[in-house]
Amino acid sequence: MKGIQVSAYVKAPGELKVTELADPKPAADEYLIEVHAAATNFFDILQIQGKYQHQPPFPWVSGAEFAGVVLATPSGSKNPKFPVGSKVFGATQGSYATKCVAKEVSMLPVPKGWSFNQASGLFVTAPTSYGALVLRAGVKAGDYVLVHAAAGGVGLAAVQVAKAYGATVIATAGTARKLEVAKSFGADHVVDYRDENWPQIVKKLTPKGRGVDIVYDPVGMVDKSTKCIAWNGRILIVGFAAGTIEKVAMNKVLLKNISLVGIHWGMYEKMETESVPKVWEGIMKLIAEGKFKGTEFTDKEFVGLESVPDALKALGSRETWGKVVVKIPQEGQNKL
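Residues numbered from 1 in each chain as written. Predicted model: local features only at pLDDT ≥ 70, side-chain atom pairs only at ≥ 80, totals over all residues. Heavy atoms only, no water.

- Taking an unreviewed UniProt entry as the reference, the protein chain is identified by name as Quinone oxidoreductase belonging to Podospora comata.

### Some thoughts on the packing of aromatic side chains
Consideration 1: Per the stated rule, a full pass over the model turns up ten aromatic pairs.
Consideration 2: With a centroid separation of 6.1 Å and an interplanar angle of 70 degrees, the aromatic rings of Y130 and Y165 are classed as edge-to-face. Taken together, the residues Y130 in helix 3 (residues 125–136) and Y165 in the loop between helix 4 (153–164) and strand 10 (168–173) connect sequence positions 35 residues apart.
Consideration 3: Using a relative accessible area of 7% as the deciding quantity, one classes Y130 as buried.
Consideration 4: Relative accessible area serves as the criterion here: at 27%, Y165 is assigned to the partly exposed category.
Consideration 5: Aromatic ring contacts, followed pair by pair, group F89, F123 and W280 into a single cluster. (Phe/Tyr/Trp six-rings, centres within 6.5 Å; stacked < 30°, edge-to-face > 60°. Helix = DSSP H or I, 4+ residues; strand = E, 2+ residues; numbered from the N terminus. Buried < 20%, exposed > 50% of the residue type's maximum accessible area, 1.4 Å probe, protein only.)

### Structural notes on the sheet that holds strand 1 (residues 2–6)
Consideration 1: In spatial order, the strands read 2-1-4; together these three strands make up an open sheet with antiparallel pairing. At either margin of the open sheet sits one strand with a lone partner, and together these are strand 2 (18–20) and strand 4 (60–61).
Consideration 2: Relative to strand 4, strand 1 is paired through two bridges, and the arrangement is antiparallel. Its bridge partner being in strand 4, V6 is matched across the sheet by W60. (Pairing = 2+ DSSP bridges.)

### Concerning the environment of T92
Consideration 1: By the secondary structure assignment, T92 is in the loop between strand 6 (87–91) and strand 7 (99–103).
Consideration 2: Residue class for T92 comes out buried when judged on its relative accessible area of 18%.
Consideration 3: The spacing of T92 and F66 is 26 residues in sequence and 7.8 Å in space, taken between C-alpha atoms.
Consideration 4: Apart from residues lying up to four places away in sequence, T92 is in contact with G63, A64, F66, C100, V101 and A102. (Contact = heavy atoms within 4.5 Å.)

Written out as structure tokens, the structure reads:
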């Protein structure tokens, strides 16, 4: 197979190379998958630099999210959930390749009518946003929800989940194009957070200026968000895309009776297993009802493993929106 193998940490995605590798050998509980699309994540960039919390022993193939076709079922399973030929998506180490292996628990069927490209970017972002808003914050009809970095992968998922539950969504982003994208995915109001007065602008968009009920924050804007949150509001701490871990003065939390709520979706499989199928059931229901669509970045196309460095570079420079996906033509196919 072809793949992007890392034998030593690199400084930037541009150093990654596509090479001919031996096909992965599935363990007794793993499927062999033919990869048709791989979605990029910020943690892929951190991992190739040796800065991520999960660093496999060298050499390893990079990439995590994928969509593709089952080539072989687990040798240790008499009744596999996905027969050979099934279209699946999921996450595993080594998606930047023409083939990968994955466990059943890390895979789901591609939703009806969805392309491999669309499905490849679903496994990490959709449950993070659904889990945060529905399980952790209890979003309901009538709520005002502020979504930061609303044009990002988790942001666009959050906008759609909040709208599906009947909330009014105020979306922030840092460019005109990203604000336009957030609006096209259902945001009721958009605010440019390059304007230092954005908390006041957000507050004015709520009834009688009371503030928002829920803040969805994958950036690290908790402190400023306390200025535009309502009494009893919930601030969801999703991530730190700004690059620094924030410190917040706790008197603000006390005075407004607000809750700071964490979401670590990656740990649910271990710590709260029973919630995982419920979350996916909820997401698949929204998809079936047409309330949740794929968030694939479409302003530019990335085709072939050779385009992975460019895709990661574009993602890292914050010039993209949604999920940046690389289409992976099968060996022997051309790139058209």
